[in-house]
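# Summary of structural features
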Amino acid sequence: MRNKFTNFVILLMTVVLMVGSVPVQCSALSKKVTKAPYTDVTVKKVGADTYEAVQYLKQHGAFKGVITGKKFYPNKVITRQEFIIILGNIYGDDKIPVTAEDIRYKNTSTNVEGHRLIQLTSNLGQPMAWPVSRTTPRFTRALAAKMIYNFTQLDPAFAPHH
């Protein structure tokens with residue numbers, strides 16, 4: 001009798017130890033909680049690549065002076081001045097190529113800003129050349145954020161300086 005009881009206790013302790021060693025997953029604790037950079041910028045609304053770009057640029061202060069409040073308005077057409085302000089916030093105003101026409105709030109295009117980024121590569125000490133599209137799609141804040149984010153990832157010299 002004592003032998004059966006001892007075996008039962010050993011078996012019970014083994015089961016308790018095995019169950020206790022299994023990590024208990026609590027759904028509330030295991031989910032990674034990340035706050036959206038703006039209320040209208042979520043992965044579901046803008047896509048993962050735009051979400052990542054906006055979040056990265058916001059962390060580096062890119063939208064200071066351009067975005068006020070809690071909304072980003074990703075589908076709003078960006079102006080040349082807004083694009084220049086974003087680049088200035090990241091790299092410093094002295095590095096950004098600007099013309100007299102740029103300081104007005106005028107709609108811009110991927111072609112114009114692509115050439116600006118090419119000029120910026122020289123100013124950052126790492127001149128590059130690549131073909132810029134001649135098409136000028138509706139250049140929204142979301143598209144600008146993706147374009148600038150992709151630019152920051154091209155070379156370590158293009159990482160945000162601020």
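Residues numbered from 1 in each chain as written. Predicted model: local features only at pLDDT ≥ 70, side-chain atom pairs only at ≥ 80, totals over all residues. Heavy atoms only, no water.

### A word on the layout of surface pockets
Leftover empty space is mapped by rolling, across the atoms, a probe with the size of a water molecule. Its boundaries defined by the atoms lining it, the largest pocket holds a volume of some 180 Å³. Lining the largest pocket are eleven residues, with Thr110, Gly114, Trp130, Val132 and Met147 sitting closest to its centre. Those elements giving two or more residues to the lining of the largest pocket turn out to be α6 (110–123) and α7 (141–152). For the lining of the largest pocket, a count of residues per class yields seven nonpolar, four polar and no charged. (1 Å grid on protein atoms, 1.4 Å probe; cavity = no way out; pocket = protein on both sides within 12 Å on 5 of 7 lines; lining within 4 Å. Points joined across faces, edges and corners; volume = space filled by probe spheres on them. Helix = DSSP H or I, 4+ residues; strand = E, 2+ residues; numbered from the N terminus. Nonpolar A, V, L, I, M, F, W, Y, C, P; charged D, E, K, R; others polar.)

### Topic: the packing of helix α5 (residues 80–91) against α6
Relative orientation of the contacting elements α5 and α6 amounts to 25 degrees, with a least axis distance of 11 Å. On the basis of their axis angle, the class for α5 and α6 is roughly parallel. Between α5 and α6 lies a crossing of right-handed hand. In this structure, α5 uses Arg80, Phe83, Ile84, Leu87 and Tyr91 to contact α6, whose residues at the interface are Val112, Glu113, Arg116, Leu117 and Leu120. Looking at the contact of α5 with α6, its residues break down into seven nonpolar, no polar and three charged. (Axes fitted to C-alpha atoms, helices over the stretch in contact; angles between N-to-C directions. Parallel < 35°, antiparallel > 145°, perpendicular 65-115°, else oblique. Left-handed = near helix turned anticlockwise from the far one by under 90°. Contact = heavy atoms within 4.5 Å.)

### Remarks on the pattern of salt bridges
Enumeration according to the criterion identifies five salt bridges in this entry. When the shortest N-O distance is used, the salt bridge between Asp102 and Arg80 registers 3.5 Å. With a gap of 22 residues between them, Asp102 in the loop between α5 and α6 and Arg80 in helix α5 connect regions that are remote in the sequence. Here the two residues Asp102 and Arg80 agree in accessibility, since each one is buried. (Salt bridge = Lys/Arg side-chain N within 4 Å of Asp/Glu carboxyl O. Buried < 20%, exposed > 50% of the residue type's maximum accessible area, 1.4 Å probe, protein only.)

### Comments concerning the confidence of the model for the protein chain
Residue-level pLDDT values for the protein chain average 81, and 76% of them are 70 or greater. In the model, residues 14–31 has pLDDT below 50 throughout and makes one contact with residues more than four positions away in sequence or in other chains. (pLDDT = per-residue confidence, 0-100.)

### Description of the packing of aromatic side chains
Applying the stated criterion to the full structure yields seven aromatic pairs. On the basis of an interplanar angle of 70 degrees and a centroid distance of 6.2 Å, the ring pair of Tyr38 and Phe63 is categorised as edge-to-face. Linking Tyr38 in the loop between α2 (27–30) and α3 (43–46) with Phe63 in the loop between α4 (48–59) and α5, this pair joins segments that are 25 residues apart in sequence. Taken as a pair, Tyr38 and Phe63 share a single burial class, namely buried. The ring of Tyr38 carries Lys58 above its face, with NZ or CZ at 4.4 Å from the centroid. (Phe/Tyr/Trp six-rings, centres within 6.5 Å; stacked < 30°, edge-to-face > 60°. Lys NZ or Arg CZ within 6 Å of the ring centre and 35° of its normal.)

### A word on the nonpolar core
Phe63, Phe72, Phe83, Ile86, Leu87, Tyr91 and Leu120 are the most contacted members of the largest nonpolar core, which has 30 residues in total. Looking at this core, the elements that each hand over two or more residues are α4, α5, α6 and α7. Of all the elements, α5 adds the most residues to this core, at six residues. When near neighbours in sequence (up to four residues on either side) are disregarded, Tyr91 contacts Ile96, Leu120, Leu124, Phe151, Thr152, Phe158, Ala159, Pro160, His161 and His162. (Core = buried A, V, L, I, M, F, W, Y, C linked by side-chain atoms within 4.5 Å.)

### Some points on the environment of Ala159
Mapped onto the secondary structure, Ala159 falls in the segment after α7. Given a relative accessible area of 27%, Ala159 falls into the partly exposed group. Taking the C-alpha atoms as reference, Ala159 lies 8.6 Å from Tyr91; in sequence the two are 68 residues apart. Residues in contact with Ala159, not counting those within four places in the same chain, are Tyr91 and Thr152.

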